[in-house]
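Inside the fold
Okay, here's what each chain looks like letter by letter:
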Amino acid sequence: MAEVVMPIVGETNQLKLLLIDDHPLFCDAMAMTVGEIFDAPIIQTAATLKEALVRVDHTLPDLIVLDLNLPDVDGIDGLIRLKQASPDAKIVVVSSISDNRITTSVLDAGAVGFVPKGSPRNELVRAFQLVADGEIYTPEDFVVPQGGLRSQASHDVVEKLASLTPQQSVILNLICEGKLNKQIAFDLSIAETTVKAHLTAIMRKLGVQNRTQAVLLAKKVSYASLSGES
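Residues numbered from 1 in each chain as written. Predicted model: local features only at pLDDT ≥ 70, side-chain atom pairs only at ≥ 80, totals over all residues. Heavy atoms only, no water.

UniProt annotation of "modified residue: 4-aspartylphosphate" (unreviewed entry) refers to D67 when read in the numbering used here. By the element assignment, D67 lies in strand β3 (residues 63–67). Given a relative accessible area of 1%, D67 falls into the buried group. (UniProt positions renumbered as here; feature names shortened; annotations may be inferred. Helix = DSSP H or I, 4+ residues; strand = E, 2+ residues; numbered from the N terminus. Buried < 20%, exposed > 50% of the residue type's maximum accessible area, 1.4 Å probe, protein only.)

Structure follows, in structure tokens:
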């Protein structure tokens, strides 16, 4: 198989790849696949978003392969936070759920591809080849929504969500799950007054007046509303 020359590789001419998935077998299989496609890539793995953010900070990956559902994050919150931490990296999202809404959400949030987890190996190869050529990969059954991708309204929402700190992102996720301030304080082992302070800051950054509006705004881009098995 011919090697693919990645235009996104840094000065070392070695692709720095970060695989983020909590299933070791999937990471091993993906590592073998990309290892055969690209020329001696530097591959790192992470099982949680927290671990991934540490690796991003130290290695500045060129390409990130991200599972949507991780132990410490759900929905596209992880994607938004990774884009914020590593704006120059290209991110390909993988998920066992493949539908138009999810694909649209991750592309609107800045991913360069969405690959169903059950895709055959030759389709994975094609996906990475397209990304290497600077294109966007989507499943064959994907239908571009009316009005196209990355509408201004969606882009503005993503930008607002990206302005949240990691702690604020976690709290917003918990609010989207319907948890009260007292429950959030217990889950995060912080004072309820601290939760309230974060909530005030979240509403200010999102430009909303109450927690209900914050939830509605977040779910416009499925920030924490994507469900199903990873």
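With that settled, consider the environment of A111. On the secondary structure map, A111 appears in the loop between α4 (100–108) and β5 (113–116). Taking the relative accessible area as the measure of exposure, A111 reaches 5% and is therefore buried. Note: C-alpha distance between A111 and L66 (45 residues apart in sequence) is 9.6 Å.

Its location among the elements puts S119 in the loop between β5 and α5 (121–132). By relative accessible area, S119 is classed as buried at 15%. A distance of 2.7 Å separates a polar side-chain atom of S119 from the backbone oxygen of P116. (Polar contact = N/O pair within 3.5 Å; in protein donor to acceptor, adjacent residues only side chain to side chain.)

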